[in-house]
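Here's the letter readout for the chains.
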Amino acid sequence: MKLHVGERLIGSGPAHQPGGYLVTDIVRETPWYGLYTGKKILYNFDFAGKRVRETDDKEWLDVYLRTLHYPRLDDPADVAQRRTLARTEVAILGNRGSNLWPEPIDLLELENTRDAFTFAPDDDDREPIVVFARPHGQPLGDWQQSAVPVASLLSVLAELLEFVRRAHAEGLLLQGLGPAAILIDRADRVHYLGSDMVTELRDFARVRKLFPQERYPRGFAAPEFFEGAQNPSPRSDLYAWGTLAYFLFTGHMPWQIALEQGRLWAQFQDAHFERLERSLRQIPPAHVQAWAEQLGLAGAALLQNWPGNCVAALRWLLHPDPSRRPASADEVRAWMVALPPAQVNAVLALDAGSGETRVFLDVQTLEAGAEIEIRRAVGQAAQQPDQGELAYA
């Protein structure tokens, strides 16, 4: 349902104090939703007139209003499912008290007389409009272009990674992590506006049809959102975080990479990682150590192999194959200090007699030029490259 600048949405209060919202501007209108700025109408008591009256509009609360747009007006099941998803968004947001998530203010339920549905309306299923507090700041893309201090850039990346970790801990898939969904305020705090894309991971298969390819941020979303061979997973959100890291460090937009490659997702190549390494080398050691602390890592450990360790971690994080990426935000942090040994498809060990063992490895998935070490231990298998006795190199 489209809204018009200057119109009032009447609230559900009594006749003398109905409340509601004033639409002040259009932020974005897409085939799937409309996002508008607005003001929540407030009241106070006029003791002289002995009545309730509206306050000055300068005192009204800044809000965002998000409405639904329907690609199809002839499918009642699709309309009902999209409305349910909007109501679920409010339930997911809850009362978190965090700058990271939008603060829900209201869920309006109005009669929709503006969309030309070809079916009879269901009086019990009215049009939901999600209202949430409006943070003030710059979209991430604009913010990155505004001579941002290195310390601020690193802080934002650390906060975003922790945001992803917490969302996954709650069983949520963000899906829409990209510059247009992120605002940075004057205190360098992150505000995420993409909550309309958030789904519970367990429900994603059921609602996936509501998110066509065009809804995902080109160049920032993982390949599996565009290709059906792999199902999206927490690794998909981590890929998006990696694209944001690449963009913030280099200033090179991943959507430009995707555009040049003629695809919807970006395939990062050696030239891109060389560009990333050059950018990381310019970060002073003190900032690297401070970033390590923000990530929950030892500063000396992150600095020891900088920037090669960070580039190597991002190279795997941005791999087209989800199985090659770290599985969690905690693994992303750990891989920045030390990558785990590369995994082979299969291992077969045969006793050849006379105290000898023959080991057969399926190394088809290893990157070209990979070095192989085999270590052995008695009682407990070696878990890290420096454990056990070296048997082959």
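Residues numbered from 1 in each chain as written. Predicted model: local features only at pLDDT ≥ 70, side-chain atom pairs only at ≥ 80, totals over all residues. Heavy atoms only, no water.

**Student:** Would you mind going over the overall build of the protein chain with me for this structure?
**Tutor:** Regarding its fold elements, the protein chain presents 11 helices and 17 strands. Overall, the C-alpha framework of the protein chain stretches about 100 × 50 × 45 Å when taken along its three principal axes. Counting every position in the protein chain, which comprises 393 residues, the buried fraction comes to 43%. For the protein chain, long-range pairs separated by at least 24 residues make up 61% of all intrachain contacts whose partners lie at least 6 apart in sequence. (Helix = DSSP H or I, 4+ residues; strand = E, 2+ residues; numbered from the N terminus. Buried < 20%, exposed > 50% of the residue type's maximum accessible area, 1.4 Å probe, protein only. Contact = heavy atoms within 4.5 Å.)

**Student:** Can you help me understand a negative patch on the surface in this one?
**Tutor:** A cluster of acidic residues, Glu111, Asp122, Asp123 and Asp124, forms a negative patch at the surface. In this structure, Asp122 sits in the loop between β7 (104-110) and β8 (127-133). (Patch = residues over 30% accessible without salt bridge, like charges linked within 9 Å, V, L, I, M, F, W, Y side chains within 5 Å. Areas by Shrake-Rupley, 256 points an atom, 1.4 Å probe, with all protein chains shown as cover. Salt bridge = Lys/Arg side-chain N within 4 Å of Asp/Glu carboxyl O. Lys, Arg positive; Asp, Glu negative; His and termini not counted. Charge placed at Lys NZ, Arg CZ, Asp CG, Glu CD.)

**Student:** Can you help me understand the nonpolar core in this one?
**Tutor:** One recurring pattern in soluble globular proteins is that nonpolar side chains are buried together. Counting 76 residues, the largest nonpolar core has Trp101, Leu174, Leu177, Ile182, Trp241, Phe249 and Trp291 as its most contacted members. Other than its neighbours up to four places away in sequence, Trp241 contacts Leu157, Leu160, Leu161, Leu177, Leu314, Leu317, Val332 and Met336. Counting residues in each nonpolar core, the second largest holds 14 residues, with Leu68, Tyr70, Val90 and Val130 among its members. (Core = buried A, V, L, I, M, F, W, Y, C linked by side-chain atoms within 4.5 Å.)

**Student:** Help me out: how do you make sense of the packing of helix α7 (residues 270-281) against helix α10 (residues 308-317) in this one?
**Tutor:** For any two helices packed against each other, the geometry comes down to the angle between their axes and how far apart the axes lie. Between α7 and α10, the least distance of the axes is 10 Å, while the angle of their chain directions is 145°. Where α7 crosses over α10, the two elements pack in a sense that is right-handed. For the pair formed by α7 and α10, the contact residues are Asp270, Phe273, Leu276, Glu277 and Leu280 on the first element and Cys310, Val311, Leu314 and Arg315 on the second. Looking at side-chain class alone, the contact of α7 with α10 contains six nonpolar, no polar and three charged residues. (Axes fitted to C-alpha atoms, helices over the stretch in contact; angles between N-to-C directions. Left-handed = near helix turned anticlockwise from the far one by under 90°. Nonpolar A, V, L, I, M, F, W, Y, C, P; charged D, E, K, R; others polar.)

**Student:** Hey, could you run me through the sheet that holds strand β9 (residues 138-139) in this one?
**Tutor:** On the basis of which strands lie adjacent, the open sheet formed by three strands has the order β9-β11-β12 and antiparallel pairing. Where the open sheet ends on each side, the last strands, each with one partner, are β9 and β12 (190-192). Where strand β11 (residues 182-184) and β12 come together, three bridges link them in antiparallel fashion. Residue Ile184 lies in a different strand from β12, and its bridge partner there is Val190. (Pairing = 2+ DSSP bridges.)

**Student:** Explain helix α1 (residues 76-93) to me, please; I cannot follow it from the model alone.
**Tutor:** The α-helix advances 3.6 residues per turn, and as a result positions three or four apart in sequence lie on the same side. Here α1 contains 18 residues, and its C-alpha end-to-end distance of 26 Å stays within 8% of the 26 Å for a straight helix at 1.5 Å per residue. Taken together, the buried positions of α1 are Asp78, Val79, Gln81, Arg82, Arg83, Leu85, Ala86, Glu89, Val90, Ile92 and Leu93. Lining the buried residues of α1 we find β6 (61-68), β7, β8, β10 (172-173), β13 (199-200) and α4 (204-207). You can read the cap of α1 off the contacts: a side-chain oxygen lies 3.2 Å from the backbone nitrogen of Ala77, and it is on Asp75. After α1 finishes, the residue Gly94 shows a positive phi value of roughly 55°. (Expected span 1.5 Å × (residues − 1). Polar contact = N/O pair within 3.5 Å; in protein donor to acceptor, adjacent residues only side chain to side chain.)

These figures come from the coordinates and say nothing about function on their own.
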